[in-house]
Amino acid sequence: MTFPIIDAHQHVWDPARADYGWLAEEPAVINRAFTLDDALPELCDAGVDRVVHVQSADHAEDTELMRDSAAQHEEVAAIVAHAPLERPDEVALLAESWRDDSLMVGVRSLIHNMPDPDWLLRPDVDEGLGVLEREGLTFDVVAVLPRHLEIVPVIAERHPDLRIVIDHLGKPPVGADSRQPWWDLIAASAASPNVFGKVSGLYSSVGDPGDWTIDAIVPFFDHALASFGPERLMYGGDWPISVVAGGYTRVWTALRALVDRLDPPARERVLGATAAEFYRIDPARI
């Protein structure tokens with residue numbers, strides 16, 4: 001029996017229930033409500049057994065929407081929610097409220113939408129990261145700028161017991177003329193043993209996000225594999241953002257083709273076991 005397949009990066013959102021201001025800048029095709037029911041047919045066809053809901057907005061309303069989704073769907077194995085890292089006392093109270101709920105495994109902030117690329121280095125935010133470290137919660141980093149990736153080894157060294165995952169592998173320059181500085185920065189981040197990579201969102205970085213091919217993403221996947229190893233890489237479908245890049249099935253088919261080149265133990269790591277270990281997903285939910 002193989003390890004269950006876990007999609008470690010899946011969103012739900014509803015603009016009628018919460019504020020998703022960033023959606024106004026996105027294509028109309030994703031500027032609407034998305035529930036897990038919308039994704040389940042493709043998830044089933046792909047053989048995905050469980051998903052990790054990941055926050056889409058920096059507020060509690062988004063967390064409650066994910067909680068509601070989990071209450072309705074056994075496929076939701078874990079939730080990465082929002083916490084106001086710049087207010088560490090509130091983070092501590094929130095973490096305490098999650099202790100008896102195995103769904104609540106980690107935190108993410110939309111740092112890529114913040115004007116200060118050094119936001120994670122602020123003393124108050126650093127204290128908030130320390131709360132996550134102490135409470136055994138994970139931290140998802142939305143690294144879009146090179147500066148975001150430069151900061152990852154810094155916070156990893158400051159918080160050696162904080163499990164950190166770089167969402168979408170830090171947005172590699174798929175389709176661009178140069179692989180730098182991403183190529184060196186992702187390797188530098190992977191040098192920290194508490195830093196993981198999420199194989200998700202590998203879309204074209206220039207022009208149409210759907211203008212990518214398997215051949216275009218191969219070198220970036222292989223470099224991430226060489227840098228992290230399968231024991232620190234996890235698959236994420238990035239739905240429904242993936243809709244603008246060709247849809248869940250197209251993304252899954254491409255990434256599965258790359259992962260299938262690995263031997264069975266490594267394949268199981270990337271497709272599920274790494275996510276289960278990183279997020280410390282309750283075995284009863286898998």
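Preceding this section is the structure that the text describes.
Residues numbered from 1 in each chain as written. Predicted model: local features only at pLDDT ≥ 70, side-chain atom pairs only at ≥ 80, totals over all residues. Heavy atoms only, no water.

S.K.: I'm lost on the overall build of the protein in this one. Help?
M.R.: Along the backbone of the protein there are nine helices and eight strands. In terms of overall size, the protein behaves like a compact globule, its C-alpha atoms giving a radius of gyration of 17 Å where 286 residues would be expected to give roughly 19 Å. The principal-axis extent of the C-alpha atoms belonging to the protein is close to 45 × 40 × 40 Å. The 286 residues of the protein split such that 56% are buried. Sequence-distant contacts in the protein: of pairs separated by 6 or more residues, those separated by 24 or more amount to 79%. On the protein, roughly 11,700 Å² of surface is accessible, and the fraction owed to carbon and sulfur atoms is 52%. Positive and negative side-chain charges of the protein, numbering 23 and 48 respectively, have mean locations separated by a distance of 3 Å. (Helix = DSSP H or I, 4+ residues; strand = E, 2+ residues; numbered from the N terminus. Rg over C-alpha atoms; globule rule 2.2 N^0.38 Å. Buried < 20%, exposed > 50% of the residue type's maximum accessible area, 1.4 Å probe, protein only. Contact = heavy atoms within 4.5 Å. Areas by Shrake-Rupley, 256 points an atom, 1.4 Å probe, with all protein chains shown as cover. Lys, Arg positive; Asp, Glu negative; His and termini not counted. Charge placed at Lys NZ, Arg CZ, Asp CG, Glu CD.)

S.K.: Before we go on, may I ask you to explain the pairing of strand β5 (residues 138-141) in this structure?
M.R.: Across a regular strand the side chains alternate sides, sitting on one face of the sheet and then on the other. Covered by surrounding structure in β5 are Thr138 and Asp140 together with Phe139 and Val141, the residues of both alternating faces. By the bridge criterion, three bridges tie strand β4 (residues 104-108) to β5 in an arrangement that is parallel. Across the sheet, the residue bridging to valine 107 is phenylalanine 139, located in β5. Sheet topology note: the β5/strand β6 (residues 164-166) ladder contains three bridges and is parallel. Looking at the pairing, valine 141 lines up with isoleucine 166 of β6. Note that the unit made of β5, helix α5 (residues 146-158) and β6 has a crossover that is right-handed. (Pairing = 2+ DSSP bridges. Right-handed = clockwise from strand over helix to strand, strands pointing away.)

S.K.: For this particular structure, what's the right way to read the side chain of glutamine 55?
M.R.: Residue position: glutamine 55 is located in the loop between β2 (50-54) and α2 (60-72). The contacts of glutamine 55, once residues within four sequence positions are left out, are His11, Asp62, Met66, Val80, Ala81, His82, Arg108, Ser109 and Leu110.

S.K.: Just to check I follow, could you spell out the environment of serine 189 for this structure?
M.R.: Tracing the sequence through the fold places serine 189 in helix α6 (residues 182-190). Expressed as a C-alpha distance, the spacing of serine 189 and serine 227, which sit 38 residues apart in the sequence, is 8.8 Å. Sequence-distant contacts of serine 189, that is, excluding residues within four places in its chain, are made with Leu149, Val152, Pro153, Ile166 and Val195.

That's the geometry; what it means functionally is another story.
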